[in-house]
Amino acid sequence: MSILYSPGERLLTLHTRHTTYQMHADEHNFLRHLYYGARADGADFRYLQRNYDRGFSGNPPELHNDRAFSLDTMPQEYTGFNAGDFRVPALCAVHADGSYAADFRYAGHEIRPGSYDLPGLPAAFDRDPENSMTLIVTLRDTASALSVRLYYGVFEERDVITRAAEIVNDGERTIFLEKAASACVDLSFGDWELLHFHGRHCMERQPQRVPLSNAVHSVESRRGMSSHHHNPFTILCAPDTREYAGECYGFMPLWSGNHKTEVEKDYLGSVRVVTGIHDSQFRWNLGPGEHFYTPQVLFSYSASGFSALSHQYHDMIRYHICRSEYVQKRRPVLINNWEATFMNFTTERLLNIARQAAELGVELFVMDDGWFGARDDDNAGLGDWVVNERKLPGGLDPLIDGLKELGMRFGIWIEPEMINEDSDLYRARPEWVLKAPNRPPMYCRNQLVLDMSRQDVRDYLYDCFAGLLRKHDISYIKWDMNRCLADVYSNALPPERQGEMTYRYVLGVYDLIGRLTREFPHVLFEGCAGGGGRFDAGMLYYTPQIWCSDDTDAIERLDIQHGTSFGYPPFTMGAHVSVCPNQQTGRSTTFYTRGVVAMSGTFGYELDLNRLSSSEKDEVRLQIAYFKKVQSLIQNGVYYRLNELDEQERYCAWEFAAPDASEALVNLVVKHVQANAPLIHIRLRGLDPDATYTLEDTQERYSGAALMNGGYTFPMFWGDYPSVQLRFLRAD
Ligand code: GLA
């Protein structure tokens, strides 16, 4: 049993393979958090808590003169508000009489087999209910009809605990939620650092590690999307934690909109993490009898470094988050025309690129932005999802037929959530955009945002894209989103409900993409938001891959993909070989190095292969052939980062090891070659110590134990950004 209740002590204990989580309903019905960390069977962690009068930390009503008893110092599972805990709250509720208050007490729990769903939201699923369990704890406010149902999903084998909250109004008057986080956890002891992933357009998810000061550290997005700037995934780690040693906790919301993870180190050194949707511009009207569901957050803990934590998240995403059949299925090697033609193309120009690509082994052709409406540049056309016959005479079929003759499949770019003022859709439906009354809107790429909270908008978009998919043989969709949200206001909601829009927008996106992905399960969907502006576990529930960044420079991509890998597996990262000098940086790298980097994602090309020399074309042919040989290892293998963050300046090394240890692919790119430099030496991971491995290129033989303990020494490197791939195959 992974969830245990001991009625005498009123302890609730969750066990995963290597972790334990414990809480306690105390004699006053406060739900105390007792422990989260390495597995400890049979422990009763109540002994850890010692209470003293701390001064200026008040006492609950029934304990009003027990000065050592304070919510302000008590570790909790989900906090109330304005009732004596002065730290960052999980919830803020305003009652009909105007009072801000919630004093939550334990009112019971239930334990069920299997995982749980959250209406309208992505949630970790379990195809075999034997493998997971759910605990639901109910907390009730002492003086109102407000209650919270706390969900805990235990994925024992994955070392992951999912959390979410359902907020319920059983009263007769509306309650206003001004904050509704998914989860709160208090770590009373220990010295922790925060590792978070910040960035910008073209440089997403850069790890930044900071010590916690006695303050609130907040990782957040107010952009209406999870954002290039602050990924919702965060880690708390001990100061000595490295890739293969040390303690760390991960918090990963399944949420693609405004998010906030607050980490507060309080005056006693205790650390609180509150994570979920952002409370900025949020006010939910919870009517009588209504329920509000927060997004789910995946908690995970590792006692042995960041790599193990990443493996836990990678497996969770592989088996319990991504619904697409393409998680298991081999993905086609694709070519995308964006960096080759931008919007300036015709059927013939596209087929010309496709012909060369097919000849070299590419399997899928993706037509990017520019195929619809009056879309000659990015000032017009979004919203008009009809083929531009000037560029594509006769519609899509001549192109698709031409591709079929080449043995290629067809994919297409869409940006459903956006609209240009210069479009037939805007002329017909100006009220469909997000825009505050009597204010000019903010433009970004000269486009506006459709009100995804509206059913009529979603139905229109559904008809456009379901129609397209029904009518044509389309194997792949790239779902883009190219601006942040501002002027968040819906014409379809009354003034008092406008504070619901940041949440309703994301639910609208999930609804539309959920319908389309369910109805067209054989279509491969790739998410995108100006590259990796919405790279999060919420979107991965619908799309098994996301375009990682608009920066296709191989050397920049090393950092982007490395940072992304802390939370998300390589098979989710869209990565392409593009032209040199690179269009974002002007840097030149070898074809080989570009291939090594792109192969560690979903692999494809984004250039006009006709423009290559014949020797470069030969290289592409070999590259694709090699990729197909190692593709299953890359897609299904265990990914290991082989360098620490502080080595990343000079080189980047990573490995894919087969789950059965039958082979491994080591990749190394040197970012900065130096004269007379120390040799690069790495230890391999994930091999069988007792097996012998052959290095494919040289046929040299090594034992697994030697490669994992003695490691491998690379020769001296020379030139700009050299790289190597070493494939080790089990010999016996
Ligand atoms: C975004 C995407 C690019 C491309 C363009 C098209 O920036 O990230 O890959 O599709 O839009 O407008």
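Positions within a chain are numbered from 1, following the residues in the order the chain's sequence is written. This being a predicted model, a pLDDT of at least 70 is required before a residue's local features are given, and a value of 80 or more before pairs of side-chain atoms are given or counted; all residues contribute to the totals for chains, interfaces and linings. Heavy atoms from the whole structure form the basis of all side-chain values; hydrogens and water molecules are not counted.

With that settled, the discussion passes to the pattern of salt bridges. Counted as salt bridges are all cases of a side-chain nitrogen of Lys or Arg within 4 Å of a carboxyl oxygen of Asp or Glu. Under the defined criterion, the tally for this structure stands at 54 salt bridges. With its nearest N and O atoms 3.9 Å apart, the salt bridge here joins Asp 186 to Arg 87. Pair noted here: Asp 186 is in strand S10 (residues 175-187) and Arg 87 is in the loop between strand S4 (31-38) and strand S5 (91-94), with a separation of 99 residues, a long-range link. Judged by its relative accessible area of 1%, Asp 186 falls in the buried class. For the salt bridge of Asp 103 with Arg 105, the shortest nitrogen-to-oxygen distance reads 3.0 Å. Put simply, DSSP H or I for four residues or longer makes a helix, DSSP E for two residues or longer makes a strand, and each gets a number counted from the N terminus. Whether a residue is buried, partly exposed or exposed follows from its accessible area with a 1.4 Å probe, protein chains only, as a fraction of its type maximum: under 20%, in between, or over 50%, in that order.

Working definition: residue near molecule or strand if any one of its non-hydrogen atoms lies within 4 Å of it. Looking at the ligand, there are 13 residues lining it, with Asp 368, Asp 369, Lys 478, Gly 531 and Asp 550 nearest. By the criterion applied in these results, polar contacts are pairs of N or O atoms within 3.5 Å in which, for protein atoms, one can donate a hydrogen and the other can accept it, and in which residues neighboring in sequence qualify only through two side-chain atoms. Between the ligand and the protein, one listed contact pairs an oxygen atom with a backbone N or O atom of Gly 531 at 2.8 Å. Contact distances for the ligand include 2.4 Å between an oxygen atom and a side-chain N or O atom of Asp 550. Compared with its free state, where it exposes 300 Å², the ligand has 96% of that area covered by protein. For accessible areas, the Shrake-Rupley method is used with a probe of radius 1.4 Å. Any residue's cover is judged against the shown protein chains and nothing else.

A separate point is the sheet that holds strand S36 (residues 692-695). Read across the sheet, 6 strands follow the order S32-S33-S34-S39-S36-S37 without closing on themselves; strand pairing throughout is antiparallel. Each edge of the sheet is formed by a strand with only one pairing partner; in this case those strands are strand S32 (638-641) and strand S37 (701-703). Across the sheet, the mean angle from the axis of one strand to that of its neighbour is 25 degrees, orientation sign disregarded. As judged from the 7 bridges shared by strand S33 (residues 651-657) and strand S34 (residues 663-670), these two strands associate in the antiparallel manner. DSSP calls a pair of strands paired once it identifies at least 2 bridges connecting them. The axes are straight lines fitted to the C-alpha atoms, using for helices just the contacting stretch, and the angles between their N-to-C directions are given from 0 to 180°.

With that out of the way, let us pick up the pairing of strand S3 (residues 19-25). Walk down a regular strand and you will see the side chains alternate between the two sheet faces. Where burial is concerned, most of S3 is hidden: 7 out of the 7 residues are buried. Neither face of S3 is exposed, since Thr 19, Tyr 21, Met 23 and Ala 25 on one face and Thr 20, Gln 22 and His 24 on the opposite face are all buried. Note that strand S2 (residues 11-15) and S3 share 5 bridges and pair antiparallel. Opposite His 15, over in S3, you have Thr 20 as the bridge partner. Taking the residues between adjacent antiparallel strands as the criterion, S2 and S3 are bridged by 3 residues. Where S3 lies against S4, 7 bridges are found, and the strand directions are antiparallel. For Tyr 21, the partnering residue across the bridge sits in S4 and is Tyr 36. Taking the residues that link successive antiparallel strands as the turn, the S3-S4 hairpin has 5 residues, and the phi of Asn 29 there is positive, at about 70 degrees.

Turning our eyes to something else, we now look at a nonpolar patch on the surface. Where nonpolar side chains cluster on the molecular surface, the patch consists of Met 1, Leu 4 and Ile 111 and spans about 290 Å² of accessible area. With respect to the helices and strands, Met 1 occurs in the segment before strand S1 (3-6). Judged by its relative accessible area of 71%, Met 1 falls in the exposed class. The patches reported here contain residues having more than 30% relative accessible area and no salt bridge. Joining distances are 9 Å for like charges and 5 Å for nonpolar side chains (Val, Leu, Ile, Met, Phe, Trp, Tyr).

On to the packing of aromatic side chains, then. Only the six-membered ring of Trp is used, alongside the rings of Phe and Tyr, when aromatic pairs are assigned; centres must lie within 6.5 Å, and planes under 30 degrees apart are stacked while those over 60 apart are edge-to-face, with the rest tilted. With the rule as written, the count across this model stands at 44 aromatic pairs. Between Trp 371 and Trp 385, the aromatic rings sit 5.9 Å apart at their centres with planes inclined by 40 degrees, giving tilted as the arrangement. Taken together, the residues Trp 371 in the loop between strand S22 (364-367) and helix H4 (397-405) and Trp 385 in the loop between S22 and H4 connect sequence positions 14 residues apart. For Trp 371, a relative accessible area of 0% corresponds to the buried category. Given a relative accessible area of 7%, Trp 385 falls into the buried group. On the numbers, 4.9 Å between centres and 85 degrees between planes, the contact of Tyr 541 with Tyr 542 is edge-to-face. The class for Tyr 541 is buried, based on a relative accessible area of 13%. Assessed through its relative accessible area of 6%, Tyr 542 is described here as buried.

On to the environment of Tyr 443, then. Mapped onto the elements, Tyr 443 comes out in the loop between helix H5 (424-428) and strand S25 (448-449). Put simply, Tyr 443 and Asn 420 are 23 residues apart on the chain and 9.7 Å apart in space, counted from C-alpha to C-alpha. Contact criterion: two residues are considered in contact whenever any of their non-hydrogen atoms come within 4.5 Å of each other. With near-sequence residues (within four places) excluded, Tyr 443 lies in contact with Glu 421, Leu 448 and Arg 483. Reaching out from Tyr 443, the side chain makes a polar contact with the side chain of Glu 421 at a distance of 3.0 Å.

For this analysis, a nonpolar core means a set of buried residues of the types Ala, Val, Leu, Ile, Met, Phe, Trp, Tyr and Cys, connected via side-chain atoms within 4.5 Å. One finds Leu 236, Met 367, Trp 371 and Tyr 605 to be the most contacted residues of the largest nonpolar core, which totals 199 residues. Top element by residues in this core is helix H7 (residues 501-519). It accounts for 9 residues. Beyond its immediate chain neighbours, meaning those up to four positions away, Trp 371 contacts Phe 345, Trp 385, Val 386, Val 387, Asn 388, Leu 392, Ile 412, Trp 413, Ile 414 and Leu 468.

Spatially, 9 strands are ordered S29-S28-S27-S26-S23-S22-S21-S31-S30 in an open sheet, and the strand pairing comes out parallel. Two strands close off the open sheet at either side, each with one partner strand: strand S29 (573-574) and strand S30 (576-578). Examined bridge by bridge, strand S21 (residues 334-336) and S22 share 3 bridges and lie parallel to one another. In the strand pairing of S22, Ile 335 is matched with Phe 365.

The next thing to look at is the pairing of strand S26 (residues 476-479). Residues of S26 alternate between two faces, with Tyr 476 and Lys 478 on one and Ile 477 and Trp 479 on the opposite face, all of them buried. Across 4 bridges, strand S23 (residues 409-414) lies against S26 in parallel orientation. Each bridged residue has a counterpart across the sheet, and for Trp 413 the counterpart in S26 is Lys 478. Here S26 pairs with strand S27 (residues 524-527) via 4 bridges, running parallel. Bridge pairing in S27 links Trp 479 to Gly 527.

The subject of this paragraph is the domain arrangement of the protein chain. Residue ranges for the domains trace back to a domain assignment, done automatically or taken from a database. When cut into domains, the protein chain gives domain 1 (3-185 + 281-321), domain 2 (325-636) and domain 3 (645-730). Counting residues at the interface gives 21 residues for domain 2, matched by 21 residues for domain 3. Viewed at the interface, domain 3 and domain 2 are joined by 2 salt bridges. The partner of Lys 629 in a salt bridge is Glu 696, with the nearest N and O atoms 3.2 Å apart. Seen at the junction of domain 2 and domain 3, the total is 8 residue pairs in polar contact (both at pLDDT 80 or more). Ranked by residue count, the leading element in the side of domain 2 that touches domain 3 is helix H11 (residues 614-636), at 6 residues.

Moving on, we get to the state of the cysteines. By disulfide we mean two sulfur atoms from cysteines, separated by a distance within 2.5 Å. Within this structure, the stated rule accounts for 0 disulfides. In this structure Cys 322 is a free cysteine whose sulfur lies 14 Å from that of Cys 548, the closest cysteine sulfur available. By relative accessible area, Cys 322 is classed as buried at 2%. Here Cys 580 stays free of any disulfide, with the sulfur of Cys 202 as its closest cysteine sulfur at 15 Å. Take Cys 580: its relative accessible area is 26%, and that puts it in the partly exposed class.

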